[in-house]
Amino acid sequence: MKQDARKIVIVGGGIAGLCAAVYAQKCGYQVEVLEMHDIPGGLAANWRRCGYTFETCLHWLYGSNPSSPMHAQWREVCDIDRLTFIDHEIFGCIQTESGESLTIYTDVDRLEAEFLRRAPQDERTVRQFTAAIRKIAKFRMPSPGRSWVANLPALAGDLPCLLLLRQLSRLSCMEYGQRFTDPLLRSAFGEGEMGQMTVLALFFSLGWMSQHDAAYAIGGSQALIRLIVDKLIGLGGRLRLGARVERILIANGAENNAAVGVRLASGEVIAADWVISAADGHATLYDLLGGKYLTEATRKPYEQMQTFPSYLQVSLGVARDLAGQPPIVTRLLDAPLSVDPGTQLRQVSFRIFNFDPTFAPAGKTAVTCFLPTRNFEYWSSLEQSDHDAYQVEKHRVAADVIAVLDSIVPGISSGVEVVDVSTPATVHRFTGNWKGSMEGWFIPPGVSFKPMPNTLPGLRHFLMVGQWVSPGGGLPCGPMTARPAIQSICHYDHVPFTPTA
Ligand SMILES: Cc1cc2nc3c(=O)[nH]c(=O)nc-3n(C[C@H](O)[C@H](O)[C@H](O)COP(=O)(O)OP(=O)(O)OC[C@H]3O[C@@H](n4cnc5c(N)ncnc54)[C@H](O)[C@@H]3O)c2cc1C
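Keep in mind that what you see is a predicted model, and the values were worked out from it rather than measured. (Residues numbered from 1 in each chain as written. Predicted model: local features only at pLDDT ≥ 70, side-chain atom pairs only at ≥ 80, totals over all residues. Heavy atoms only, no water.)

Side note on the overall build of the chain
To be explicit about the condition: To qualify as a helix, a DSSP run of H or I must reach at least 4 residues; to qualify as a strand, a run of E must reach at least 2; elements of each kind are numbered from the N terminus. It is over C-alpha atoms that the radius of gyration is taken, and the globule rule equals 2.2 Å times the number of residues to the power 0.38. What makes two residues a contact is simply this: any of their non-hydrogen atoms within 4.5 Å. Accessible areas in this description were obtained via Shrake-Rupley with a 1.4 Å probe; residue shielding takes into account the shown protein chains only. Charge counting follows a simple rule: Lys and Arg are positive, Asp and Glu are negative, and His as well as the terminal groups are ignored. Charged groups are reduced to one reference atom each: NZ for lysine, CZ for arginine, CG for aspartic acid, CD for glutamic acid.
Looking only at helices and strands, the chain has 17 helices and 21 strands in total. Relative to the 2.2 N^0.38 estimate, which gives 23 Å for 501 residues, the radius of gyration of the chain is 23 Å and therefore close to what a compact globule would have. When the backbone C-alpha atoms are referred to their principal axes, the chain occupies close to 70 × 60 × 45 Å. Pairs at least 24 residues apart make up 70% of the contacts formed inside the chain by residues separated by at least 6 positions. For the chain, the accessible surface area stands at approximately 21000 Å², while carbon and sulfur atoms represent 54% of it. Side chains of the chain give 45 positive and 48 negative charges; the mean places of these two sets differ by 6 Å.

Next comes the structure, spelled out in structure tokens:
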């Protein structure tokens, strides 16, 4: 089969779809990415309002350190070295209403000193905590380009760390936090929804940050997306925006069926030799494929696993220079903030983008507040059934959030000149993600980060990539799921896999 005649259609132009497109194009396929939205990136988004840019995704990018293996993988899909990374000395700061505070440093020695200053009585637990970060920071993640067998020797060398990872994987952030007696230290391990996540996620983030391998990129997530799109277009690939796929088309075979293209919402049919879905997993299985390839195994995660929560984001354009504020300020509230029926938050975090000059005019600052919720139904039915009430609720939440910010920086509310509120209904409208999930499959204690199958039984010439086949999600799941998917297509088609071409 001649490789230049082979066409791959990719549903969804989020990071995973774009990375798959770059790998496929590098291997000589003709690729067309179909993205329903008018900008690519999916959850890796930011938007402009009246001179401010509001970021939703990027806190840190794993693989920012040029000497790390993940950086090498980013280089396969874009010119990552064109990004300007900011390594924060302070990750964030936790404050109580009575003026107590705890700084979370990215340097482990400084973090340890800060925790000991705050809670000398917790010394043993603090030292165990920081020793674990140091150990995990050195852990070499299995190379995504190599099989498990090829990765085994390196993993065997990391055996003590693997045992530690196994122990920690059984605990949630909140459970780990209970080891400390000091209430402020405990609160550093989160509460509510995010506190239920496996504590491993926290250890990895702190470990990578300590190695300067999880930095923020100036311009946020869209700066990364633009680089991948540039790479794709430079290789001759095609990205079509405003192209919503309604159906994946199937040819029935004697033994197996095969994907042969897609039909857009406009009615247009696009034929392809392979179809890759980089869109929401639930919509792919239940809608685009009409539920035809659901087996007990493929149905199971959607019936039994938990998704990451959805969220509201209150974004504020503030006519103040907030230099000196930490990048993240978490306020512990005496009286909880009510987000919606069923969601009361005792911790509210603000991101203060004083470190990204591209996000606000000089002397002004973009500030965002992330409010997790699992009440997707409430926001989506309110938006559809009563638009006025939906707006009123958005304004109420924004006013409450501004009041909290004013208690952190007194008088700041008078400088707020732009207010933008997105809800779970917005997340769903712009990305199609199931229940407005922010990151796909949630990882509570005991659940594995192991990738899920990327094919469906009984369906040939079809694969899935992205956060719905990579529990825990995150931007790295783009290249990490795209690479093996294209490798297996190449293998099937007897085409050389050339990711560094
Ligand atoms: C608040 C927040 C903070 C985060 N922080 C970080 C962080 O600091 N670091 C990090 O690494 N990750 C972070 N993430 C996670 C990361 O953004 C996601 O896991 C990742 O972007 C998912 O990429 P994806 O391509 O798998 O899916 P998506 O981004 O959801 O892309 C799917 C794409 O498919 C399109 N689509 C869906 N249906 C159709 C259809 N029928 N036809 C055509 N197109 C369709 C959608 O419009 C979308 O563009 C964060 C996410 C959020 C929301």
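There is more to say after this.
Section: the layout of surface pockets
The condition that has to hold: A cavity, in this analysis, means grid points on a 1 Å lattice covering only the protein atoms where a 1.4 Å probe fits yet has no way out; a pocket is instead an open set bounded by protein on both sides within 12 Å along at least five of seven lines, and a residue lines either one if it has an atom within 4 Å of a point. Grid points are joined across faces, edges and corners, and a volume is the space filled by probe spheres set on the points. In the scheme used here, Gly and all other residues not listed as nonpolar or charged are polar, with Ala, Val, Leu, Ile, Met, Phe, Trp, Tyr, Cys and Pro taken as nonpolar and Asp, Glu, Lys and Arg as charged. Domain extents, as shown, originate in an automatic or database domain assignment.
By volume, the second largest pocket is sized at about 380 Å³. In terms of lining residues, the second largest pocket is bounded by 20 residues, among which His37, Ala45, Trp47, Thr426 and Phe430 are the most central. Of all elements in the fold, only strand E3 (46–49), strand E19 (416–422) and helix H16 (424–431) reach the threshold of two or more residues within the lining of the second largest pocket. Broken down by element, the residue count for the lining of the second largest pocket peaks at five residues, all from H16. Taken together, the residues of the lining of the second largest pocket break down into nine nonpolar, eight polar and three charged. Two domains each donate at least three residues to the lining of the second largest pocket, and these are domain 1 (3–44 + 219–306 + 441–493) and domain 3 (310–436).

Remarks on the packing of aromatic side chains
For any pair of aromatic rings, the description rests on two quantities: the centre-to-centre distance and the angle between the ring planes. Our working definition: Aromatic rings from Phe, Tyr and Trp, with only the six-membered ring used for Trp, were paired whenever their centres fell within 6.5 Å, and each pair was classed as stacked if the ring planes differed by under 30 degrees, edge-to-face if by over 60, and tilted otherwise. Throughout, exposure labels follow a simple rule: accessible area from a 1.4 Å probe, protein chains only, divided by the maximum for the residue type, with under 20% read as buried, over 50% as exposed, and the rest as partly exposed. For a lysine, the NZ atom is tested; for an arginine, the CZ atom; a charge sits over a ring if that atom is within 6 Å of the ring centre and within 35 degrees of the ring normal.
The tally for this structure, following the rule as stated, stands at 31 aromatic pairs. Geometrically, the ring pair formed by Tyr23 and Phe497 is tilted, given 6.4 Å between the ring centres and 35° between the ring planes. Of this pair, Tyr23 sits in helix H1 (residues 15–26) while Phe497 sits in the segment after helix H17 (477–493), placing them 474 residues apart in sequence. We classify Tyr23 as buried; its relative accessible area is 0%. Considering the side-chain rings of Tyr302 and Trp441, the 5.0 Å spacing of their centres and the 70° angle between planes classify their relative orientation as edge-to-face. Of this pair, Tyr302 sits in helix H13 (residues 296–304) while Trp441 is found in the loop between H16 and strand E20 (459–460), placing the two residues 139 residues apart along the sequence. One exposure class covers both Tyr302 and Trp441, and it is buried. Through a chain of ring-to-ring contacts, three or more aromatic side chains come together here, namely Phe115, Phe129, Tyr176, Phe180, Phe189 and Phe203. The ring of Phe442 is capped by Arg374, whose NZ or CZ atom sits 5.6 Å from the centre of that ring. The side chain of Lys435 reaches across the aromatic face of Trp434, ending 4.3 Å from its centre.

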